[in-house]
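# Report on the structure
Below, each chain spelled out in residue letters.
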Amino acid sequence: MGLAVLDELRACVVEAAEDDWVYFAELVGMVREITGRSDDLLDRTGRAAARLVRDGRLVPGTLTEAEGFIAWETGPAESAARIEREVAALERAGVWPQPGDVCWFDRPGG
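I will try to describe carefully the structure that is included in this document.

### Remarks on unusual backbone geometry
One non-glycine residue, Asp40, adopts positive backbone phi at about 50°. Secondary-structure assignment places Asp40 in the loop between helix H2 (24-35) and helix H3 (41-54). By relative accessible area, Asp40 is classed as exposed at 54%. At Val102, a position not held by glycine, the phi torsion is positive, near 70°. Residue position: Val102 is located in the loop between helix H4 (76-93) and strand S4 (104-106).

### A look at H4
Taking 1.5 Å per residue, 18 residues should reach 26 Å; H4 reaches 26 Å between its end C-alpha atoms and fits that length. Where H4 is buried, its residues touch H2, H3, strand S2 (59-64) and S4. The first or second residue beyond H4 is Gly94, which carries a positive phi of 70°.

### Remarks on the pattern of salt bridges
For the structure on display, the rule yields seven salt bridges. Across the pair Arg51 and Asp55 runs a salt bridge whose closest N-O atoms are separated by 3.5 Å. By relative accessible area, which is 36% here, Arg51 ends up partly exposed. The partner of Glu86 in a salt bridge is Arg82, and the shortest N-O contact between them spans 3.0 Å. Linking Glu86 with Arg82, this pair stays in helix H4, spanning four residues, or about one helical turn. On the basis of relative accessible area, Glu86 is assigned to the partly exposed category, the value being 28%.

Quick notes on the rules
Residues numbered from 1 in each chain as written. Predicted model: local features only at pLDDT ≥ 70, side-chain atom pairs only at ≥ 80, totals over all residues. Heavy atoms only, no water. Helix = DSSP H or I, 4+ residues; strand = E, 2+ residues; numbered from the N terminus. Buried < 20%, exposed > 50% of the residue type's maximum accessible area, 1.4 Å probe, protein only. Expected span 1.5 Å × (residues − 1). Contact = heavy atoms within 4.5 Å. Salt bridge = Lys/Arg side-chain N within 4 Å of Asp/Glu carboxyl O.

Structure, rendered in structure tokens:
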């Protein structure tokens, strides 16, 4: 996925995150809309999300009822690797992510 597509994806996520946190499955739809492609969609979305996290352009975390969004305590590289592992597990199982699967995202400083 090229830098222009990553920049557009990041802009979409940041805009969406102004109103509410964004879950990974939402990114899948964003990638499909931006690229117009559905082949290898889950893999491409996982790689894009991991890259944006690794570059510090998105913050992954967990959403709880009591506290809302809680950023993962791991650094960008470890968080990106976790996203890649969780997406690979979904691919192996042949399932699409549901809200809350893999992670939630917020913008840096969000």
